[in-house]
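Chain by chain, the residues:
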Amino acid sequence: MTLRLGCIGLLKPERDLVQTLFRTSDRLNGAWQLTDQGDCDVLIAEPERTDFSPFTAKQSTVILRIARKGHSSDKLYFQRPFNAEVFITTLSSIQQSFSRTHHKPAEPRLERTQGELQNIDSYKLHRWPTSKLLGLNPDYALLAAYLNRTPKTLQQLIALSGKPQDICAGFIELLQDQGYITKATASIVPISPAIAASSNRRAGFLAQLKQRLGFKG
């Protein structure tokens, strides 16, 4: 599967660097295509840009924001000046996540009953997680990019990323615990036994991650 990358608003040296990396990096060759217009799987743009013309940002498009080092922005993804290794590693991580999602068999949908949890809370990053946190799981960079663009419910994050509920929910809980995201207020509804069991599994998963990060409490 070849992914399409679009770049908008880059400085000429940055654009030249991206083109050079696409020509010379074995890790990008064959997996990525640099495009000048149309649909994109990943789009690099400035923090405040909302008009992506001549590119088309789909609902599933990952938006990578850029800003100068030290600039405060909740949409910050890449820092200027660009680091070639960070750039290649980030795209490789996203490519792996897309590849796993593309080849993953569709899971059967479960019918909700009146007593099941309705995932109506929405979440959005207000600052970018550390590379140490994102490095805990190869899917975390992609999930963070989705939460960085616009608020997402848990169900929307699962649908867009194609990742299991335990991974998405565990990541959201980890971000909440460390103060990286904000959550919209939502009403509470009863939780089914199956959802409760899943929550217990996620709690254990979260505890393991916190231990690996060296967090206490």
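Just so it is clear, the model here is predicted, and its values are computed rather than measured.

1. Focus: unusual backbone geometry
For step 1, the next point in the chain: Cis rather than trans, the peptide bond between Ser53 and Pro54 has omega equal to 10 degrees.
For step 2, the next point in the chain: Structurally, the position occupied by Pro54 is in the loop between strand E3 (38-45) and strand E4 (55-68).

2. Quick look at the sheet that holds strand E7 (residues 152-153)
For step 1, the next point in the chain: Pairing is antiparallel in the open sheet, where three strands are placed in the order E7-E6-E8. With one partner strand each, in any of the chains shown, E7 and strand E8 (181-183) form the two edges of the open sheet.
For step 2, the next point in the chain: As judged from the two bridges shared by strand E6 (residues 122-125) and E7, these two strands associate in the antiparallel manner. Looking across to E7, one finds that Ser122 is bridged to Thr153.

3. A closer look at the nonpolar core
For step 1, the next point in the chain: By size, the foremost hydrophobic cluster in this structure holds 47 residues, and its most contacted members are Leu5, Trp32, Val62, Phe87, Tyr140 and Phe171.
For step 2, the next point in the chain: Excluding residues that lie within four positions of it along the chain, Val62 makes contacts with Asp41, Val42, Leu43, Ile94, Phe98, Leu142, Ala145 and Tyr146.
For step 3, the next point in the chain: Formed by seven residues, the second largest nonpolar core is a distinct cluster that contains Ile8, Phe52, Phe55 and Ile63.

4. Description of the packing of aromatic side chains
For step 1, the next point in the chain: Per the stated rule, a full pass over the model turns up one aromatic pair.
For step 2, the next point in the chain: Stacked on the ring of Tyr180, the Lys or Arg Arg127 has its end atom at 4.2 Å from the ring centre.

5. Quick word on the confidence of the model for the protein
For step 1, the next point in the chain: This prediction gives the protein a mean pLDDT of 75; 70% of its residues lie at or above 70.
For step 2, the next point in the chain: Confidence scores differ between elements of the protein, with helix H7 (residues 193-213) showing the lowest mean pLDDT of 54 and strand E1 (residues 3-7) the highest of 91.
For step 3, the next point in the chain: Per-residue pLDDT stays below 50 along residues 103-119; that stretch engages in 23 contacts with residues further than four places along the chain or on separate chains.

6. So, helix H6 (residues 165-178)
For step 1, the next point in the chain: A rise of 1.5 Å per residue sets the reference length of H6, with its 14 residues, at 20 Å; its end C-alpha atoms lie 20 Å apart and thus fit the reference within 8%.
For step 2, the next point in the chain: Within H6 the residues assigned to the buried category are Ile167, Cys168, Ala169, Gly170, Phe171, Ile172, Leu174, Leu175 and Gln178.
For step 3, the next point in the chain: Immediately beyond the C-terminal end of H6, within one or two residues, lies Gly179, with a positive phi of roughly 75 degrees.

7. Focus: the pattern of salt bridges
For step 1, the next point in the chain: As enumerated under the stated definition, the model contains six salt bridges in all.
For step 2, the next point in the chain: Residues Asp16 and Lys12 are paired through a salt bridge, measuring 2.9 Å at the closest nitrogen-oxygen approach. Highlighted residues: Asp16 and Lys12, both in helix H1 (residues 12-24), separated by four residues, approximately one helical turn.
For step 3, the next point in the chain: Across the pair Lys163 and Asp139 runs a salt bridge, and its minimum N-O distance is 3.4 Å. Of this pair, Lys163 sits in the loop between helix H5 (154-161) and H6 while Asp139 is found in the loop between helix H3 (131-134) and helix H4 (140-149), placing the two residues 24 residues apart along the sequence. Across this residue pair, the class does not change: Lys163 and Asp139 are buried.

Reading the values: rules and limits
Residues numbered from 1 in each chain as written. Predicted model: local features only at pLDDT ≥ 70, side-chain atom pairs only at ≥ 80, totals over all residues. Heavy atoms only, no water. Helix = DSSP H or I, 4+ residues; strand = E, 2+ residues; numbered from the N terminus. Pairing = 2+ DSSP bridges. Core = buried A, V, L, I, M, F, W, Y, C linked by side-chain atoms within 4.5 Å. Buried < 20%, exposed > 50% of the residue type's maximum accessible area, 1.4 Å probe, protein only. Contact = heavy atoms within 4.5 Å. Phe/Tyr/Trp six-rings, centres within 6.5 Å; stacked < 30°, edge-to-face > 60°. Lys NZ or Arg CZ within 6 Å of the ring centre and 35° of its normal. pLDDT = per-residue confidence, 0-100. Expected span 1.5 Å × (residues − 1). Salt bridge = Lys/Arg side-chain N within 4 Å of Asp/Glu carboxyl O.

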